[in-house]
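Survey of secondary and tertiary structure
So you can see what is in the structure, the chains are spelled out below.
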Amino acid sequence: MSDLILKIFLSLFGLGVAFWAFQRWRRQKNFWLLLAVVTAVLAAAAVWLGLVNGAFLGILAAALLFLGLWTKRGSH
């Protein structure tokens, strides 16, 4: 039962991060933010396949989100 609640929480959290990154991407049009959106959605789905896979993709999505927020649009 607690495993099911953890999976639901992590998948909703991943989708929330994806939505927030998408809102930021609409304003900044940054490639890293777009990759963070895709990775966060994949992390939300991967939680149901295995917690280790979902956690790995979640950490990767957080790193891409940080990279997208750290870089500016015009500096490439």
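Structure's up top.
A few points on the structure. Bear in mind the structure is a predicted one, so any value in this text is a computation, not a measurement.

1. Considering the nonpolar core
One finds V17, A18, A21, L33, A36, V37, A40, A61, L64 and L65 forming the largest nonpolar core, which totals 10 residues. Sorting the residues of this core by element identifies α1 (2-28), α2 (31-46) and α3 (51-70) as the ones contributing at least two each. With 4 residues, the single largest contributor to this core is α2. Apart from residues no more than four positions distant in its own chain, L33 is found in contact with A21, R24, W25, Q28, L65, G68 and L69.

2. Focus on the side chain of S11
Along the chain, S11 turns up in helix α1. S11 sits in the buried class, given a relative accessible area of 10%.

3. Considerations on the environment of A63
Considering the arrangement of structural elements, one finds A63 in helix α3. A relative accessible area of 42% means that A63 is categorised as partly exposed.

4. Looking at α3
Compared with an ideal rise of 1.5 Å per residue, which puts 20 residues at 28 Å, α3 spans 28 Å between its outermost C-alpha atoms and is within 8% of the ideal. Every buried residue of α3 is listed here: G54, A61, L64, L65 and G68. All buried residues of α3 lie within an arc of 105 degrees about the axis, which places them on one face of the element. Counted as exposed and oriented over 90 degrees from the buried face of α3: V52, F56, I59, F66 and W70. Those residues of α3 hidden inside the fold are in contact with α1 and α2.

5. Description of a nonpolar patch on the surface
Together, M1, L4, I5, I8, L12, L15, V41 and W48 line one region of the surface with nonpolar side chains, adding up to about 810 Å² of accessible area. When residues in the nonpolar patch are grouped by element, the largest group, 5 residues, is from α1.

6. As for the packing of aromatic side chains
For the structure on display, the rule yields 3 aromatic pairs. Each ring, one from F31 and one from W32, has its centre 5.7 Å from the other, and the planes form 65 degrees; the classification is edge-to-face. In this structure W32 comes out as partly exposed when scored by relative accessible area, which is 32%. Sitting over the face of the ring of W25, K29 holds its NZ or CZ atom 4.3 Å from the ring centroid.

7. Details of α2
The end-to-end C-alpha distance of α2, which contains 16 residues, comes to 22 Å, matching closely the 22 Å that a straight helix rising 1.5 Å per residue would cover. Within the span of α2, buried status applies to L33, A36, V37, T39, A40, A43, A44 and A46. Summarising the contacts, the buried residues of α2 are in contact with α1 and α3. For α2, the N-terminal capping position is held by N30, with its side-chain oxygen 3.2 Å away from the main-chain nitrogen of W32.

Rules and cut-offs
- Residues numbered from 1 in each chain as written.
- Predicted model: local features only at pLDDT ≥ 70, side-chain atom pairs only at ≥ 80, totals over all residues.
- Heavy atoms only, no water.
- Core = buried A, V, L, I, M, F, W, Y, C linked by side-chain atoms within 4.5 Å.
- Buried < 20%, exposed > 50% of the residue type's maximum accessible area, 1.4 Å probe, protein only.
- Helix = DSSP H or I, 4+ residues; strand = E, 2+ residues; numbered from the N terminus.
- Contact = heavy atoms within 4.5 Å.
- Expected span 1.5 Å × (residues − 1).
- Arc of directions from axis to C-beta.
- Patch = residues over 30% accessible without salt bridge, like charges linked within 9 Å, V, L, I, M, F, W, Y side chains within 5 Å.
- Areas by Shrake-Rupley, 256 points an atom, 1.4 Å probe, with all protein chains shown as cover.
- Salt bridge = Lys/Arg side-chain N within 4 Å of Asp/Glu carboxyl O.
- Phe/Tyr/Trp six-rings, centres within 6.5 Å; stacked < 30°, edge-to-face > 60°.
- Lys NZ or Arg CZ within 6 Å of the ring centre and 35° of its normal.
- Polar contact = N/O pair within 3.5 Å; in protein donor to acceptor, adjacent residues only side chain to side chain.

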